[in-house]
Structures are given as C-alpha cells and as structure tokens.
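Here is how the chains run, residue by residue.
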Amino acid sequence: MKYSIVLPVYNEEQNLPHLYKRVSSVMEKLNENYEVIFVNDGSFDRTPSILKELHEKNKKVKVINFSRNFGHQIAVTAGMANSSGDYLAILDGDLQDPPEILPDFFDKAKEGFDVVYAVRKKRKENFLKRSAYSLFYKILHSIADIDIPLDSGDFCVMSSRVVKAINSFPERNRFVRGFRSWVGFRQVGVEYERDKRFSGESKYGLRKMFKLAFDGIFSFSFVPLQVMFYLGSVSLFFSILGSLWAIYMRFFTTAYSRVPGFATTIILIMFVGGLQLFSMGVMGEYLRRVYDEVKQRPQYIIESKIGF
Ligand code: UDP
Ligand code: MG
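Residues numbered from 1 in each chain as written. Chains lettered and ligands numbered in written order. Predicted model: local features only at pLDDT ≥ 70, side-chain atom pairs only at ≥ 80, totals over all residues. Heavy atoms only, no water.

K.L.:
Explanation requested: the layout of surface pockets in the structure shown.
P.N.:
Approximately 1,300 Å³ is the volume found for the largest pocket. It is helix H8 (residues 206-220) that contributes the most residues to the lining of the largest pocket, five residues altogether. In terms of residue class, the lining of the largest pocket is made up of 12 nonpolar, 11 polar and 26 charged. In this structure, the second largest pocket occupies an estimated 570 Å³ of space. Those elements that place two or more of their residues in the lining of the second largest pocket are helix H5 (127-143), H8 and helix H9 (223-252). Its residues assigned to classes, the lining of the second largest pocket comprises 18 nonpolar, two polar and three charged. (1 Å grid on protein atoms, 1.4 Å probe; cavity = no way out; pocket = protein on both sides within 12 Å on 5 of 7 lines; lining within 4 Å. Points joined across faces, edges and corners; volume = space filled by probe spheres on them. Helix = DSSP H or I, 4+ residues; strand = E, 2+ residues; numbered from the N terminus. Nonpolar A, V, L, I, M, F, W, Y, C, P; charged D, E, K, R; others polar.)

Written as structure tokens, this is what we have:
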C-alpha cells in the first residue's frame, strides 16, 4: 500500500459525498495504490450507512465504526493504527483541509521529510475562536518541553516510520500533533488557507476544545507545576515575614492591643486560600491523567470494521 488517508468523522452526513469525491479524484490522479480509512466516531446520523455505500462502490474505502463517540484524537489514533500505507495523511472530515494540496505534501515527503504538516495561514472562523486558538498555540509553544509548531493542526502527511512510532505511544490522553513533534526526524511546515466547514456545525464543543487544549498543555509541560511551586514559595516567604512581625508586635511592643490589620488578615486568607485551591486544581489535572493512564483501559472499542 502506497498511501493511506485517515478521515475522522462524527455526524458528517452532508459532507461525506463531497469529501469522498474530492479525496478520491485527487488520489486517482496519483496512479498508485491507496486506501481511504473513515473512522466513524459514534455518529448517530446517516454517516454509517453512507460509509457502507461508499465502500460497496469503491473497495479502497475502508470503515472503522466505533461503539460510541470517543473523540477526534482517538478516531485519528484508530485510523493510524489500522493503516498500512508508506505515507499517511490525516484530514478533517468537513473539508476544511483541502485534499487538493495532498500531492504537494506527498512530494515533499518523498524528498525526505518524515512529517509534512500544514500551517494555517488564514482561518475563516469567527474572531473569538481565532483568538482563542492563537493564544493557546502561543502558550503551548512557550511552555511545552518540545517544539510544537505554531498554528499547525492534525492536517499532515507522515512517513510510515513516524506512524509506527506514534502507534507505539500507549497514552490515553492523546494530543496527536504533540506526539508528531515529539517523534522528531525531518519535519517541515507548509502554509495553506484553511477553508470554512463545508456543511453542518462544528463538532468540537467548548468541552472538547478545552480537553484538547489541556491535553496539549499537561501532556507536554511541567511548567504549571513549577509555577505552583514558585507561587507557593513566594507566599511562604511572605507568611514567614508576617508571622515574625506578628510575634514581634505581640511580645515586644505595647501597640499590639489596638488590633489593627483586619483587612490584612482577610486578604491574606483569601490569597493563600485561592493559591492553595488553584494549586490543587493544577495537581488534580496531572493526577487525573496519571489515574487515567494507570487504569490501562483500551483507548477505544470498535463496533465493526469494513473492508480490512
Ligand atoms: N470529530 C470526531 N469526533 C468528535 C468531534 C469531531 O471525529 O468527537 C471530527 C469531525 O467530524 C471532523 C473533525 O473531527 O471531521 C474536526 O472536527 P470539527 O470540524 O467539528 O472541529 P473544528 O474544525 O470546528 O475545530
Ligand atoms: Mg472543522
């Protein structure tokens, strides 16, 4: 198998026919063996039946049906694990990533780049989402232990050795674009204009977006823990000074009986209390992930596979 295309889809019934048409016409022109792997992430619209029809029409279409919705990153993971191409491409199922630029990506990969990732030049999304994304990528870029490129999503082409490396990651909290950087080898970014979603609504709600952002930050950085440590140290330092001052006032001066400092006390309690809760929250994020990994549950359950 030369090329594998992985397409995670969740309730994308209106996009599927166009998606299939555009992807297959691009791939047919390359005149090489290829497979298109759709990962149906627990859709409850007509997605599964359309995928079945597509497979009956074209045996190069393969389908993995999940038993429920496991999330986009897990769907990508399953597609990668079941692929067999020398080169693998990941695209969104809503045509935001134009398949027409894949041949350029494959050419770059054949030049010797193990990862050719797409960099979003312009986003045709609303201002709020754009700013949130750009802030997230900047934070992640500055605190992650690895060099995760700015404004690159999952849209990419990878060589089979990178795919194999990522498949060997046992993690359950998956941030595929982070794994991709972590693996190393020669990588190159190619700019592209990210289109608008072809049809339907975004399947990434606020919760899913936060989960992705947190997985990126907490899986690739210990900076939040270190910040906690520094803030804790600073507040400890000042509380020692404050205590010494209080002891001095109590035992060595007569002014103490006037009991000023009510505001100071309240502020200190609130500050230290807030700091402690915040710190515990950060620790909780790591702990939650440790617990999740220790449980060793499978990453996903496949209901059925078609065409493999
Ligand atoms: N998706 C998925 N499972 C989910 C959410 C999304 O497989 O739980 C798929 C979705 O069908 C699409 C891709 O992931 O093909 C990207 O999602 P979407 O376009 O909704 O995200 P956005 O582009 O708005 O960030
Ligand atoms: Mg989209």
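K.L.:
Just to check I follow, could you spell out the coordination of the magnesium ion (ligand 2) for this structure?
P.N.:
In an ideal tetrahedron of four donors about a metal, each angle is 109.5 degrees. In an ideal octahedron of six donors, the angles are 90 or 180 degrees. In the first shell of the magnesium ion (ligand 2), the protein supplies Asp94 (OD) and Gln96 (OE1), at 1.9 Å from the metal. Assigned by exposure class, Asp94 and Gln96 land together as buried. (Donors = N, O, S within 2.8 Å, 3.2 Å for Na, K, Ca; no water. Buried < 20%, exposed > 50% of the residue type's maximum accessible area, 1.4 Å probe, protein only.)

K.L.:
Can you walk me through the site of ligand 1 in this structure?
P.N.:
The environment of ligand 1 is made up of 20 residues, and the closest members are Glu12, Asp94, Gln96, Ser202 and Lys203. Backbone polar atom of Gly93 to an oxygen atom of ligand 1: 2.6 Å apart, as the coordinates give it. A distance of 2.5 Å separates an oxygen atom of ligand 1 from a polar atom in the side chain of Asp94. When the free accessible area of ligand 1 is taken as 530 Å², the share hidden by the protein chains comes to 97%. Of all the elements in the fold, those that place two or more residues in the shell around ligand 1 are strand S1 (3-9) and H5. Grouping the amino acids of the shell around ligand 1 by side-chain chemistry returns five nonpolar, six polar and nine charged. (Near = heavy atom within 4 Å. Polar contact = N/O pair within 3.5 Å; in protein donor to acceptor, adjacent residues only side chain to side chain. Areas by Shrake-Rupley, 256 points an atom, 1.4 Å probe, with all protein chains shown as cover.)

K.L.:
Mind showing me how you'd approach the environment of Glu12 here?
P.N.:
Along the chain, Glu12 turns up in the loop between S1 and helix H1 (16-29). With a relative accessible area of 5%, Glu12 lands in the buried category. C-alpha separation for the pair Glu12 and Ser202, spaced 190 residues apart in sequence, amounts to 9.9 Å. Once residues lying within four places of it in the same chain are set aside, the contact partners of Glu12 are Asp45, Thr47, Gly93, Asp94, Arg197, Ser199 and Lys203. At 3.0 Å, the side chain of Glu12 and the side chain of Arg197 are in polar contact. (Contact = heavy atoms within 4.5 Å.)

K.L.:
Help me out: how do you make sense of a nonpolar patch on the surface in this one?
P.N.:
The grouping of Val234, Leu236, Phe237, Phe238, Ile240, Leu241, Leu244, Ile247, Tyr248, Phe251 and Phe252 at the surface amounts to a nonpolar patch, some 1,200 Å² of accessible area in total. Owing to a relative accessible area of 45%, Ile240 belongs among the partly exposed residues under this scheme. (Patch = residues over 30% accessible without salt bridge, like charges linked within 9 Å, V, L, I, M, F, W, Y side chains within 5 Å. Salt bridge = Lys/Arg side-chain N within 4 Å of Asp/Glu carboxyl O.)

K.L.:
Hey, could you run me through the nonpolar core in this one?
P.N.:
Within soluble globular proteins, side chains that are nonpolar tend to cluster in buried spots. If you look at the biggest cluster of nonpolar residues, it comprises 34 residues, and the most contacted ones within it are Ile5, Met27, Phe38, Leu102, Phe106 and Val157. Considering every element that reaches this core, the biggest residue donor is H1, with six residues. With residues near it in sequence (within four places) discarded, Phe106 still touches Tyr3, Ile5, Met27, Leu30, Tyr87, Ala89 and Val157. (Core = buried A, V, L, I, M, F, W, Y, C linked by side-chain atoms within 4.5 Å.)

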